[in-house]
Amino acid sequence: MRDYNERLILQLIRSHGELTKAEATQATGLSPNAVSVIFRTLEEENLLIRGTPQRGKIGQPSVPARINPDARHYLGLRIGRRGFDLAIVDFAGALRAVQHDFHQYPTPERSIAFVKSALPKVLRRAGLHKSDISGLGIAMPWELWSWTEEFGAPREEMARWKSVDIRSEISRLVPFPVSIANDATAACTGELMHGAHLGQSDFVYFFVGTFVGGGIVLNSGIFFGRRGNAGGFGPLRVPGRPGRDRLVDHASLTVLEEMLRDAGEDPGRVARDPSVWKDCPGPVQAWIEIAAHGLAHAAVSSLALIDFDAVVIDGAFPEHVRRALVAEVNRQLDGMDLQGVLRPDCEAGRLGGMARAIGAATLPMYQDYAINQNTLMRAGPAPTQPPAS
């Protein structure tokens, strides 16, 4: 476990882009000598590199430090209901290489075969070897055998996930540590580490994928929950659609797939073809309004429990759709009864469709180098996939 103050300074530099020793001293309240020692230690470990000296002030020029992107490299595996991603992410959060694959539904066998096929390809594209990788994170929905009818998967095949420990299976393929988290929680981890959230130590995060999910940030750290499923917002009750009163029935891409099918379009384009978002403006706009309605109500319900600084919304769709969805959520919030809660700042996430894969790669980075209250304040291992129920 890294020293808390080292983690704090690393996270401050990551959030600001670069930071001088004087700025770090002011931000942390640590002594100048303590900050100098930490900067020197992090530079010796090659985690920080020096930037351009800042001149024009009295005395010696200040030299800011920034994250060294080549210090570490991580693999992120997303196992999704409609596709796989295997990505390599550097220490600064940049995507170095990625391999995609689409499917109608995932099985354990397909997941393992994808990793075997994709791993040498992404390593070659990034110019790296297995020995250059510091860890692998897996992002996947918990209980993949649930809600099979909603995305057209055979129940008996998906039930095989109940008896498979995918983390152990993937660990047999690689020589480095493997961690696992719920896919939306992983996306939230990537957003926290690599997004721009200065001054926001508590926020609620929604990720709109095949099904909607999310994450919770408290005191600048991810709150995983006892079973690693904090922020599983799908079952939240939302008014407005008779017989469909859950958030998952409003703010999920399966809802758009159904609307496209009813309009005579191919619903599979939602996962495979980004042009669908411009080619089908009618269903897309109708879906944005339905999804925003659900997300606005979910945001207010969340704020009734915890006084979050902000609401962050991201999803597996292009940037212009993300902007439109956030704008519609804000519009609907303006018309809601917010008595008893403060109107939240609602903003777009930064990572888009790659948030879950980048977040997966961020999991081991977060565990080793971030202010992680689950590591610093708890005994026992990090959360793993909940057992079959």
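Treat the numbers as computed from the prediction; the structure is a model and nothing was measured.

## So, the packing of helix α1 (residues 4-16) against helix α13 (residues 355-369)
Two numbers describe a pair of packed helices, the interaxial angle and the distance between the axes. The N-to-C vectors of α1 and α13 enclose an angle of 135 degrees; their axes lie 9 Å apart at closest approach. For the element pair α1 / α13, the angle class is oblique. Between α1, through Arg 7, Leu 10 and Arg 14, and α13, the contact on the second element is made entirely by Met 365, Tyr 366, Gln 367, Asp 368 and Tyr 369.

## Quick notes on the packing of helix α2 (residues 21-28) against helix α3 (residues 32-44)
Two numbers describe how α2 lies on α3: the axes approach to 9 Å, and their chain directions differ by 120 degrees. Regarding the angle of α2 to α3, the classification is oblique. As for how α2 packs across α3, the hand of that crossing is right-handed. Contacts from Lys 21, Ala 24, Thr 25 and Thr 28 of α2 reach α3 at Pro 32, Val 35, Ser 36 and Phe 39. In terms of residue class, the contact of α2 with α3 is made up of four nonpolar, three polar and one charged.

## Examining the packing of aromatic side chains
Scanning all chains against the criterion turns up seven aromatic pairs. Here Phe 91 and Tyr 369 contribute two aromatic rings whose centre-to-centre distance is 5.1 Å and whose plane-to-plane angle is 80 degrees, an arrangement assigned as edge-to-face. Of this pair, Phe 91 sits in the loop between β4 (83-90) and β5 (95-102) while Tyr 369 sits in helix α13; the two residues are 278 residues apart in sequence, bridging distant segments of the chain. Exposure remark for Phe 91: the relative accessible area of 0% places this residue in the buried category. Residue class for Tyr 369 comes out buried when judged on its relative accessible area of 10%. An angle of 45 degrees between the planes, with centres 4.7 Å apart, marks the rings of Phe 206 and Phe 233 as tilted. Separated by 27 residues along the polypeptide, Phe 206 in strand β8 (residues 203-208) and Phe 233 in the loop between β10 (221-222) and α8 (253-262) bring together distant segments of the chain. Ring pairs connect the aromatic residues Trp 277, Trp 287 and Phe 317, which therefore count as one cluster. The positively charged end of Arg 14 is found above the aromatic ring belonging to Phe 91, 4.8 Å away from the centroid.

Scoring rules and cut-offs
- Residues numbered from 1 in each chain as written.
- Predicted model: local features only at pLDDT ≥ 70, side-chain atom pairs only at ≥ 80, totals over all residues.
- Heavy atoms only, no water.
- Axes fitted to C-alpha atoms, helices over the stretch in contact; angles between N-to-C directions.
- Helix = DSSP H or I, 4+ residues; strand = E, 2+ residues; numbered from the N terminus.
- Parallel < 35°, antiparallel > 145°, perpendicular 65-115°, else oblique.
- Contact = heavy atoms within 4.5 Å.
- Left-handed = near helix turned anticlockwise from the far one by under 90°.
- Nonpolar A, V, L, I, M, F, W, Y, C, P; charged D, E, K, R; others polar.
- Phe/Tyr/Trp six-rings, centres within 6.5 Å; stacked < 30°, edge-to-face > 60°.
- Buried < 20%, exposed > 50% of the residue type's maximum accessible area, 1.4 Å probe, protein only.
- Lys NZ or Arg CZ within 6 Å of the ring centre and 35° of its normal.

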